[in-house]
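These are the residues of each chain, in order.
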Amino acid sequence: MSPLEACNLTFAYGDSDVLREVSLKIPAGQVTALIGANGSGKSTLLRLFARLLRPGAGRVLLDGRPLHDLPTRAVARALAVLPQNPEAPSDLRVSELVLLGRYPHRPRFGGVQRRDREIAERALARCGVADLASRALGTLSGGQRRLAWIAMALAQETGVLLLDEPTAALDIAHALEVMDLLRSLSREGGQTIVVAIHDLSLAARYADHLVAVTADRQILAGSPVDLLTPAILRRVFQVDVVVVPDPRTGTPLCIPYRSTP
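Residues numbered from 1 in each chain as written. Predicted model: local features only at pLDDT ≥ 70, side-chain atom pairs only at ≥ 80, totals over all residues. Heavy atoms only, no water.

### So, the sheet that holds strand β9 (residues 209-213)
Here's step 1: In spatial order, the strands read β6-β7-β8-β3-β9-β10; together these six strands make up an open sheet with mixed pairing. Two strands bound the open sheet, and with one partner strand each, they are β6 (79-82) and β10 (219-222). Mean inter-strand twist for the sheet, computed between neighbouring axes without regard to direction, equals 15 degrees.
Here's step 2: Pairing between strand β7 (residues 160-164) and strand β8 (residues 192-196): five bridges, direction parallel. Looking across to β8, one finds that Asp 164 is bridged to Ala 196. (Pairing = 2+ DSSP bridges. Helix = DSSP H or I, 4+ residues; strand = E, 2+ residues; numbered from the N terminus. Axes fitted to C-alpha atoms, helices over the stretch in contact; angles between N-to-C directions.)

### Points about the packing of helix α5 (residues 142-155) against helix α6 (residues 172-189)
Here's step 1: It is at 10 Å that the axes of α5 and α6 come closest, and there the two elements cross at 15 degrees. As the angle between them shows, α5 and α6 are arranged roughly parallel. Along this stretch, α5 crosses α6, giving a crossing that reads as right-handed. Contacts between α5 and α6 pair Gly 143, Gln 144, Arg 146, Leu 147, Ile 150 and Leu 154 from the former with His 174, Glu 177, Val 178, Leu 181 and Leu 185 from the latter.
Here's step 2: Here the residues of the contact of α5 with α6 sort into six nonpolar, three polar and two charged. (Parallel < 35°, antiparallel > 145°, perpendicular 65-115°, else oblique. Left-handed = near helix turned anticlockwise from the far one by under 90°. Contact = heavy atoms within 4.5 Å. Nonpolar A, V, L, I, M, F, W, Y, C, P; charged D, E, K, R; others polar.)

### Considering unusual backbone geometry
Here's step 1: We note that Asn 8 has phi near 50 degrees; this positive angle belongs to a residue other than glycine.
Here's step 2: Phi angles above zero are rare outside glycine, and Glu 157 is one such case at about 55 degrees.
Here's step 3: As for its position among the elements, Glu 157 is in the loop between α5 and β7.
Here's step 4: Classification of Glu 157 as partly exposed rests on a relative accessible area of 37%. (Buried < 20%, exposed > 50% of the residue type's maximum accessible area, 1.4 Å probe, protein only.)

### Describing helix α9 (residues 230-237)
Here's step 1: Turning to α9, its buried residues number three or more, namely Ile 232, Leu 233 and Val 236. Seen from one end, α9 has its buried residues packed into an arc of 95 degrees, which puts them on one side. (Arc of directions from axis to C-beta.)

### A look at the packing of aromatic side chains
Here's step 1: Under the counting rule described, the total for this entry stands at one aromatic pair.
Here's step 2: Where Phe 11 meets Tyr 13, the ring centres are 4.8 Å apart and the plane angle is 85 degrees; that geometry is what we call edge-to-face.
Here's step 3: The cationic tip of Arg 73 hangs over the ring face of Tyr 103; the distance from NZ or CZ to the ring centre is 5.4 Å. (Phe/Tyr/Trp six-rings, centres within 6.5 Å; stacked < 30°, edge-to-face > 60°. Lys NZ or Arg CZ within 6 Å of the ring centre and 35° of its normal.)

### Structural notes on the side chain of Glu 165
Here's step 1: Looking at where Glu 165 falls in the secondary structure, it is placed in the loop between β7 and α6.
Here's step 2: The side chain of Glu 165 sits in the buried core without any salt bridge; Lys 42 is the nearest counter-charge, 4.3 Å away.
Here's step 3: When neighbours within four sequence positions are excluded, Glu 165 is seen to be in contact with Lys 42, Gln 84, Arg 146, Ala 196, Ile 197 and His 198. (Lys, Arg positive; Asp, Glu negative; His and termini not counted. Salt bridge = Lys/Arg side-chain N within 4 Å of Asp/Glu carboxyl O.)

### Section: the sheet that holds strand β4 (residues 57-62)
Here's step 1: Taken in spatial order, the four strands of this open sheet run β2-β1-β4-β5, and their pairing is antiparallel. Edge positions in the sheet fall to β2 (16-26) and β5 (65-66), since each has one partner strand and no second.
Here's step 2: As paired strands, strand β1 (residues 4-13) and β2 are joined by seven bridges and run antiparallel to one another. By the bridge assignment, Ala 6 is partnered in β2 with Leu 24.
Here's step 3: Along the sheet face, helix α1 (residues 42-49) touches β1, β2 and β4 and points at about 120 degrees away from the line of β1.

Note that all results are geometric; they support no functional claim without further evidence.
Structure, rendered in structure tokens:
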């Protein structure tokens, strides 16, 4: 069973349809990358999966159950969401941020337990930021903050992790670090990862599965090799693209050249 599924999903902002009758299954235990031009609807689709938006028609299923029928705490125990620009007080310590991920698992009127701290410490170590635990968020670099937020999501101990542009504004080294971490969470931890991303080279290298939203609001799904073709990328981004094998990994390497009329 797919842990996350869209069934005839439709959503509009006012009178403008963004998604129309989308049916889509997210593969379990894999990294799925959502690609598309700005305004295409890929972030809207991610927000619908995260229950941050309610569909106008159709429904999202989480582990076979309608997402909007589930209690909020039950959803938070199954699904973690990391927006593109998460916010927290700049003086909040990294350890305190990561412990917030334990909130769905704590007793309603209980405080932080020893197990919560142990899980948070493991999440910090897994993300390579254990040495930053006592630092305030405002003192961290962009890449360090992104890893701290991922550690918070990891401490939530969910089977599904949704991330909107996790590599945005990061330098190459930190972007690779984030994507290496997400792939290891999937392959070693069995988590289902869904990431909206603009960098096609990273999507090709790290994703097992792609979902592309075309310029005319069509949804295409398949492997990176199936979807990262000149014809499909022209439909998605309205540009001419040359696709060649990456000399090290063999995955598709996309080189855009010019806009098409």
